[in-house]
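Report on the structure
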Amino acid sequence: MPEHARGIGMEEVIVENYEEAERFLAEIPKFTKKNLFEETKAFYAYIQSCDKGQYSETNLGSIIHVAGTNGKGSVCAFMQQICLESGYKTGMFTSPHLVTTRERFCIDGKIISEEAFVEAFNWLTQMLCGYHNKKYCPTYFERLFFMAVYLFTKEKVDVTVLETGLGGRLDTTNIIASPTLTIITQIGLDHMEYLGDTIEKIASEKAGIIKCGVPVVFSDRKIQSSAVIRKKATEYGCKCYAVSKNDYKINEIQKKYIDFSVVSRYYDYCGFTAYTTAVYQVENAAIAIRACEILQRDSNLKKITIDSIHKGIKKMRWAGRMEEIEQRIYIDGAHNEDGIEAFVQSVKEMTKVMDGKNIKYILIFSVMKDKQYDRMIEMLCNLCMITEFVVTHIPGERGAKLTELKEKFSEYTNKNIHIYEKIEDAIEYSILSRKDQGVVYIVGSLYLAGFVEKFFVDKRAGRCLEERS
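Keep in mind that this is a model prediction, so the values were computed, not measured.

Observations regarding the overall build of the protein
When helices and strands are counted, the protein shows 15 helices and 17 strands. At 22 Å, the protein has a C-alpha radius of gyration in line with the 23 Å of a compact globule built from 469 residues. The 469 residues of the protein split such that 56% are buried. When contacts within the protein are restricted to residue pairs at least 6 apart in sequence, those whose partners lie at least 24 apart make up 74%.

The following block contains the structure:
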């Protein structure tokens, strides 16, 4: 078994199963810190040189690199589905995951198997054991990125859709030297302790993914961030394509889908259908549509057509984004001010097409303590249709305290506020309280969305066992 010491108490190991790999990865934050970008880049260069260049960046196909504060995961999912509908073998690397780490790696629209995960994990162990710099210890995110490189090159994908983790300029994914296209979604105030305390500073970090001569598509929603992106693109000689509110229009919102139109540069004014109730997904879809137009025209991805774009938009599904996890139970991973604003808009539109009168609307909320949640709670309390609020706690030290959350809600609403330490108790109460026609919304954190996803996965599994017995 190849292994050697890295840092204090950290050893590289070969694992035999997925559970062992997960346990190892869970321990990594205790023994590592973020590496210098050049150190990560050096290891990436090393693995590219191994096995006759098998893991070279050129073997990742056309690379679509996506950064932003809100919407980047959804844009990645739209791009993946459109590429699949166009007949391209596609790999997608995203974060975070909701239930299993394997969700971060998709090949042809499906998360990888446990066996593939273990194989990639052990490959990385071997690469680290052969690397000359024995002090280099990749972080959790770096490991997953390098595993994605192995998985996608092994599968010989035609397209790699790559989402940044945090930021852009110093993000691990930014060691990719030659993307085919870069995309920057909506910029907002989040992760300010790392990226800066203004829109301009955060936009500058996100715009760090822009490369010389590589076209960039971006959300033209805020003047401050757009100015930063345009300036960076000009400096790097990039063609710049903005997507503003004037480029798309919502035509109809129904209980299960949204019909919208997009001003296309090549196909005139086109109508699309997205199977979602989240109005914010229309902008994300419009960004993906514009990106695909550029790819079809300026890259070797000529099989992208208006038909494959239509099908991709229609078929895209993205867990945890205004997802109806069970009938009339919706989860949304909005976790910052802009995200909550978009969620609020979606809820208002959804209630217009809901059946019945005197429906109970219950909202479950929790958040990480490092978020600016005061304004988030204020916006949620302004949703006049919500009949009661349920506050719960995300397990671990990072979850905001229940008492503080309740105090904040009490400042902005006189409606009933219920407190449940355990997320599962909050869900059970809400389901019972809403009755048959009621609606439950769950929002505040992707971590919360992950716990809820797992709750319903386990519940369905138990239901299946009962039926079989």
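Focus: the side chain of R104
You can see R104 is positioned in the loop between β2 (90–93) and β3 (105–107). One buried charged residue, R104, forms no salt bridge at all, with the nearest opposite charge on E103 at 7.6 Å. Ignoring any residue separated from it by four or fewer positions in sequence, one finds R104 in contact with M92, F93, T94, S95, P96, H97, Y140, F141 and L144.

Quick word on the pattern of salt bridges
Enumeration according to the criterion identifies 23 salt bridges in this entry. Residues R143 and E12 are paired through a salt bridge, measuring 2.6 Å at the closest nitrogen-oxygen approach. Separated by 131 residues along the polypeptide, R143 in helix α5 (residues 140–155) and E12 in the segment before α1 (18–31) bring together distant segments of the chain. The shortest N-O distance in the salt bridge between R230 and D220 comes to 3.3 Å. Taken as a pair, R230 in helix α8 (residues 223–235) and D220 in the loop between β7 (216–219) and α8 lie far apart in primary sequence, 10 residues in all. Taken together, the salt bridges that share partners define one network made up of K89, D108 and E155.

Section: the confidence of the model for the protein
Caution is warranted with low-pLDDT regions, since their predicted coordinates should not be read in detail. On average, the protein scores 92 in pLDDT, and the residues at 70 or more come to 95%. In this model residues 1–5 is a low-confidence stretch, pLDDT under 50, and it forms 18 contacts with partners more than four residues away in sequence or in other chains. The low-confidence segment residues 465–469, where pLDDT is below 50, has zero contacts with residues more than four positions distant or belonging to other chains.

Observations concerning the packing of helix α7 (residues 199–206) against α8
Remark: α7 packs on α8, axes separated minimally by 8 Å, with the N-to-C direction vectors making an angle of 35 degrees. Considering the relative orientation of α7 and α8, their crossing is right-handed. Between α7 and α8, the contacting residues are I199, E200, A203 and S204 on the first element and Q224, S225 and V228 on the second. Taken together, the residues of the contact of α7 with α8 break down into three nonpolar, three polar and one charged.

Looking at the sheet that holds strand β12 (residues 323–326)
Strand order in the open sheet formed by six strands is β12-β13-β17-β14-β15-β16, with mixed pairing between adjacent strands. Single-partner strands in this sheet number two, and they are β12 and β16 (416–420). Recorded for the sheet is a direction-independent mean angle of 25 degrees between the axes of neighbouring strands. With five bridges joining them, strand β15 (residues 388–392) and β16 adopt parallel strand pairing. Across the sheet, V391 pairs through a bridge with I419, a residue of β16. In the packing of helix α11 (residues 337–352) onto the sheet, contacts are made with β13 (329–332), β14 (361–365) and β17 (439–443), and the angle to β17 comes to roughly 170 degrees. Across the sheet, helix α12 (residues 373–381) is in contact with β14, β15 and β17; its angle to β14 comes to roughly 175 degrees.

A word on the pairing of β17
Along β17, five of the five residues are buried, which leaves the element largely enclosed by surrounding structure. On β17, burial covers both faces: V439, Y441 and V443 on one face and V440 and I442 on the other are all buried. Pairing geometry for β13 and β17, over four bridges, is parallel. From the neighbouring strand, I329 faces β17, where its bridge partner is V440. Here β14 pairs with β17 via five bridges, running parallel.

The rules behind the values
- Residues numbered from 1 in each chain as written.
- Predicted model: local features only at pLDDT ≥ 70, side-chain atom pairs only at ≥ 80, totals over all residues.
- Heavy atoms only, no water.
- Helix = DSSP H or I, 4+ residues; strand = E, 2+ residues; numbered from the N terminus.
- Rg over C-alpha atoms; globule rule 2.2 N^0.38 Å.
- Buried < 20%, exposed > 50% of the residue type's maximum accessible area, 1.4 Å probe, protein only.
- Contact = heavy atoms within 4.5 Å.
- Lys, Arg positive; Asp, Glu negative; His and termini not counted.
- Salt bridge = Lys/Arg side-chain N within 4 Å of Asp/Glu carboxyl O.
- pLDDT = per-residue confidence, 0-100.
- Axes fitted to C-alpha atoms, helices over the stretch in contact; angles between N-to-C directions.
- Left-handed = near helix turned anticlockwise from the far one by under 90°.
- Nonpolar A, V, L, I, M, F, W, Y, C, P; charged D, E, K, R; others polar.
- Pairing = 2+ DSSP bridges.

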